[in-house]
Amino acid sequence: MTVAVGLHGVTKRFGDVAAVDSVDLEVADGEFFSLLGPSGCGKTTTLRMIAGLEFPTEGSIRIFGEEVALAPPNKRPVNTVFQSYALFPHMTVAENVGFGLAMCKVPDTELRRRVAEAIELVRLGGMEHRRPTQLSGGQQQRVALARALVNRPKVLLLDEPLGALDLKLRQAMQVELKDIQREVGITFVYVTHDQEEALTMSDRIGVMNEGRLLQVGTAEDIYERPANRFVADFIGETNFLEGVIVAEGHVEIGSSHRVRAQTNAPVGTAVTLMLRPEKIQIHRLEEVVDGRNRLEGTVQHRLYFGDSLFYQIELATGDMIDVRVENVPSLPRWDAGQRIAVSFHHDAADALTE
Amino acid sequence: MNVPTHAAASRTTDRALSVHGVAVFLFLYVPILLLVVFSFSGASNLSVWGGWSLRWYQKMFSNDPLLRSMRNSVVVAVVSTGISTVLGTAAALALERYRRWLGKRTFDALLYLPVIIPDVTMGVMLLMWFTTISWPLSLTTIILSHIAFNISFVAIVVRARLANLDPSLEEAAADLYADRWQAFRRVTLPLIMPGIVGGALLALTLSLDDVVITSLVQGPGSTTLPVFVFGLIKRQVTPEINAVSTVMLLASMVLVFGSLAFQRDTKAEPSPEAP
Amino acid sequence: MTTTEERPAPAAEPEFERRAERAKAVRGFLQALPSYAYLVFFFAIPLLIVFVFSFASRSRTGKPVLSDWNLDSYAKLLQPVVAEIAARSLWLALLNTVLCLAIGYPFAYWLATRRSARYRAVLLVLVLIPFWSNFLVRTYAWRVLLGEHGFVTELGRALGLWDKLLFTQPAVFIGLLYGYLPFMVLPLYAALERMDWSLVEAARDLYASGWTAFRKVTLPLSRPGVIAGSILVFIPSLGAYVTPDILGGAKTTLLGNYIVRQFTAARNWPFGAALSFVVLVAMLIATIIYFRTDARTI
């Protein structure tokens, strides 16, 4: 694997606050990589350091092996799609797109050809002579993309590029961005706080919080096997049950309820059991459940979501859990106050130690 | 957008406001209009109307000391505006685009003082300073004094424009391989140009307006038009002064409409079309 | 791995970041330097000179003598004639500020509440013209109107209200009002124009009467305009020179004229310096208090 972007021990301090705290990360060539986290987690600062808009306090940033930590932005083979698009309001679409090439003194005929190609790539043909203010949000977004891609950067950096668009447009652009990335084959580093965006578009995702990179992996890795409670909580919805390891692979929750779980922590460790709502089934009390963990409880609330139903259940352990049931035909309905049993496979219950 | 609604005033209140508004406009305009009209009067004094005539304009344009003062005014205004526009713009950039530098807070305060200090105080202190360093009072001392108050006005106007400029535009330029100078030349400068022109027009106006400071720091033969006219007015009022005043008003008007036209030009962007 | 002898570019260390920050600070400083140096040389030092000279004694030509330091000039400030001029100036400046506000606020409100943006723009241009017009010329216009056979004088005689206004205090006052009213209107208009009128609607919806809504919502929101306009009117009114000189007489001397006279006819530079300095300090204090009060109430 060729490493497109390599960060090693990268730290950025603003005064006493570490916005980014010793991050190590390698992004592969051609990869669609997302940095995901809540606002203020350091993901944008990390991106800005790769772009050269911010210098790291410490650490090394390599782009295809070349150290660029201290290079100014105009000396780096990367381009950025800004969150606000940052289109030059006094230039036309074509002038915006051609700006980088003009700065690199690309000959006029080649410049015009490449600008035309880039505008075609983002399907804005015919808009060349418009000003950014005359374009819709989605069109401005495409200009920003073309303006960056036309320079054939080795890495394209995108800072929440879809944040300002409405839901429908955002979903359409997600697909389009992914297509464009496949077409040009450039490494994308994509910053977002929207987990759905990250999960659907990325080859791999890095989850950040409070300046630290908590977990790097595929969408499935991060959803199914979160490294810690923050990741589990931030991505998707999760039930957490506090417990203690009482035997190998066995956790005791409440005072006397024993379940099997995914763990190799030693006996006596306090753990948090993580259970996704869609991996839990509800049964009548008398139903026999084989090979799965079984707990009893009472239905508190039922919420109707159209494609699914949500049940809030108070377990006999005293914990409250959410259960999601897909809305399929002939589904039994459970009513508030009804005593029921829930079950889950031990593979679905991850015991987290932090 | 931000359209005032009917909640702003009841109908009766609104009618009262309109009457008041028209009265204020009359108060502001009638004196000026009368002054302009009487500059075309053929009579030798201002108490009677002497029929339409251009004789006072003819007299004005053969009045050599007056023409000399007019030339002085133009030189002072143009030179002081040119220098203070460059210095003031650089100062605005330093304050708005650089987070910390030696003496920034002091400079920030120093820059605002010439704006709030009364003309008389400013004139007096410059007079004392030029005398102390034995700099002979002349056209140069007038220009130096005008630059001293104009830098601040230019800097404030340009700074306001810079503060509204999205800093990510300059970052985008750098990201697109522009070096520092190219980013300034191709992105920052064109975008703050309306502020720079606005500041320069303000400087021109203030320079052409000033009586107090100029009259304190002027030397022999370096009188500017307003100071010269001020001297005339104190002696007696004549239709010739009306003629000069009309020319001065015309110059102000050109500056107002020049600045408005320029602002409209930079703002004129067709409304967004539906995609 | 490559085995070239070439030294790789260094990774970041805290020292590099500090150096970059320092380089940036130097660039900012250098950009400000020409105007910084200019303002120090042609503003800050002259300001200091005023202070120093106020302690000097005067030579026969009125210029300061830089050896015999004393407080005579400050003692002279306590003379009744000075107090009288100062009181008159202060009174006129305050009265002018209050009246400009009383006339200018409803006027700016009327301008800002016109529904059609085009109409508003036209009215704004009509306000801008007197604002940018030559101050001396605008004062001269009143010199004619208030003159022996001027319209206003004739009008007063016909109505039996006044016989002569020129060279009296009311004439100076009219001149100041006329001269500085646009300085009040523009900041007020700017504040009212960018106001969110839906806030007033919200107040009305919450059972406020029109007047209460104005008092509780519009007025506080336009406060920055009131502050800016008041300062723009008060300070030049207090230091007024042209208006009292053209429209006023011997009995209407204001601080501005009195100061300038020390450098011309009266030939007493140290006293002029002391006066200027005290006026400047008083004005700065007034401005600061005004801003402070505002910061507390918002």
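Residues numbered from 1 in each chain as written. Chains lettered and ligands numbered in written order. Predicted model: local features only at pLDDT ≥ 70, side-chain atom pairs only at ≥ 80, totals over all residues. Heavy atoms only, no water.

A closer look at the overall build of chain C
Using the following cut-off: Under the scheme used here, helices are H or I runs from DSSP no shorter than 4 residues and strands are E runs no shorter than 2 residues, and both carry numbers assigned from the N terminus. Note on method: radius of gyration uses C-alpha positions; expected globular size equals 2.2 Å times residues raised to 0.38. Only protein chains enter the accessibility calculation, which uses a 1.4 Å probe; a residue is then buried when its area is under 20% of its type maximum, exposed when over 50%, and partly exposed in between. Contacts are residue-level and defined by heavy atoms, with any inter-residue pair within 4.5 Å sufficient. Accessible areas in this description were obtained via Shrake-Rupley with a 1.4 Å probe; residue shielding takes into account the shown protein chains only.
A tally of regular secondary structure across chain C gives 13 helices and two strands. Against the compact-globule benchmark of 19 Å for 298 residues, chain C has a radius of gyration of 27 Å, which places it well outside the compact range. For the C-alpha atoms alone, the extent of chain C along its principal axes is close to 105 × 70 × 35 Å. Within chain C, the fraction of its 298 residues that count as buried is 49%. The long-range fraction of contacts in chain C, counting pairs at least 24 apart against all pairs at least 6 apart in sequence, stands at 66%. Per element, the accessible surface of chain C, about 14,600 Å² overall, is 67% carbon and sulfur.

Details of the domain arrangement of chain C
All names here are of chain C. Rule in force here: Domain delimitation in this document rests on an assignment produced automatically or drawn from a domain database. Buried area is understood as the total, over both parts, of accessible area removed when two parts are fitted together, assessed with a 1.4 Å probe. Each reported salt bridge corresponds to a side-chain nitrogen of Lys or Arg within 4 Å of a carboxyl oxygen of Asp or Glu. Identification of polar contacts relies on pairs of N or O atoms within 3.5 Å, with a donor-acceptor requirement for protein atoms, meaning one able to donate a hydrogen and the other able to accept it, and with residues adjacent in sequence counted only if both atoms are side-chain atoms. Residues were grouped as follows: Ala, Val, Leu, Ile, Met, Phe, Trp, Tyr, Cys and Pro as nonpolar; Asp, Glu, Lys and Arg as charged; and all remaining residues, including Gly, as polar.
On domain assignment, one finds that chain C holds domain 1 (3-53) and domain 2 (73-297). On a C-alpha basis, the centroid separation for the pair domain 1 and domain 2 is 41 Å. Buried surface at the junction of domain 1 and domain 2, both sides included, amounts to about 440 Å², of which 81% is carbon and sulfur. Summed over the three residues of domain 1 that lose the most area to domain 2, namely V50, F51 and F53, the buried surface amounts to 84% of that side. There are zero salt bridges connecting domain 1 and domain 2. Counting across the interface, domain 1 meets domain 2 through zero residue pairs in polar contact (both at pLDDT 80 or more). Counted by class, the side of domain 1 that touches domain 2 contains four nonpolar, no polar and no charged residues.

Things to note about the packing of aromatic side chains
Selection criterion: Pairing of aromatic rings covers Phe, Tyr and Trp, the last counted by its six-membered ring, and requires centre-to-centre distances within 6.5 Å; plane angles under 30 degrees mean stacked, over 60 mean edge-to-face, and any other angle means tilted. Working rule: Lys NZ or Arg CZ, within 6 Å of ring centre, within 35 degrees of ring normal, means a charge sits over the ring.
Applying the stated criterion across every chain yields a total of 41 aromatic pairs over all chains. Summarising the aromatic geometry, the rings of Y105(C) and F214(C) are spaced 5.8 Å apart at their centres and angled 85 degrees between planes, so their arrangement reads as edge-to-face. Separated by 109 residues along the polypeptide, Y105(C) in helix α3 (residues 80-112) and F214(C) in helix α9 (residues 210-221) bring together distant segments of the chain. You can call Y105(C) buried: its relative accessible area is 8%. A relative accessible area of 17% places F214(C) in the buried class. Through successive ring pairs, a cluster of aromatic residues spans F38(B), F40(B), W49(B), W52(B), Y57(B) and F151(C). Of note, R147(A) hangs over the ring of F88(A), and the distance from its end group to the ring centre comes to 4.7 Å. The ring of Y223(A) carries R276(A) above its face, with NZ or CZ at 3.9 Å from the centroid.

Thoughts on the packing of helix α5 (residues 119-132) of chain B against helix α12 (residues 255-263) of chain C
The following threshold applies: Under this scheme, a helix contributes an axis fitted over its contacting stretch, all axes are lines through C-alpha atoms, and angles between N-to-C directions fall in the 0 to 180 degree range. Here roughly perpendicular refers to angles of 65 to 115 degrees, roughly parallel to angles under 35, roughly antiparallel to angles over 145, and oblique to all remaining angles. Whether a crossing is left-handed or right-handed is set by the direction in which the near helix is turned from the far one by less than a right angle, anticlockwise for left-handed and clockwise for right-handed.
The geometry of α5(B) relative to α12(C) is characterised by a closest axis approach of 10 Å and an angle of 15 degrees between their N-to-C directions. What the angle tells us is that α5(B) and α12(C) run roughly parallel. As for the relative orientation of α5(B) and α12(C), their crossing is left-handed in sense. For the pair α5(B) and α12(C), contact is made by V120(B), V124(B), L127(B) and M128(B) and by G256(C), I259(C), V260(C) and F263(C), respectively. For the contact of α5(B) with α12(C), the class distribution of residues is seven nonpolar, one polar and no charged.

A closer look at the interface of chain A and chain B
If you look at the interface, chain A gives 31 residues, while chain B gives 22 residues. In total, chain A and chain B occlude about 2,400 Å² of area from one another, counting both sides; carbon and sulfur atoms represent 59% of this. Taken as a group, N74(A), M103(A) and Q134(A) account for 24% of the area that chain A buries against chain B, more than any other trio of residues on that side. Counting the contacts that link chain A with chain B gives one salt bridge. One salt bridge in this structure joins R48(A) and E171(B), with 2.6 Å as the shortest N-O distance. Joining chain A to chain B, the criterion identifies eight residue pairs in polar contact (both at pLDDT 80 or more). Secondary structure elements with two or more residues in the side of chain A that touches chain B: α1 (43-51), β6 (78-81), α2 (93-103) and α4 (137-149) of chain A.

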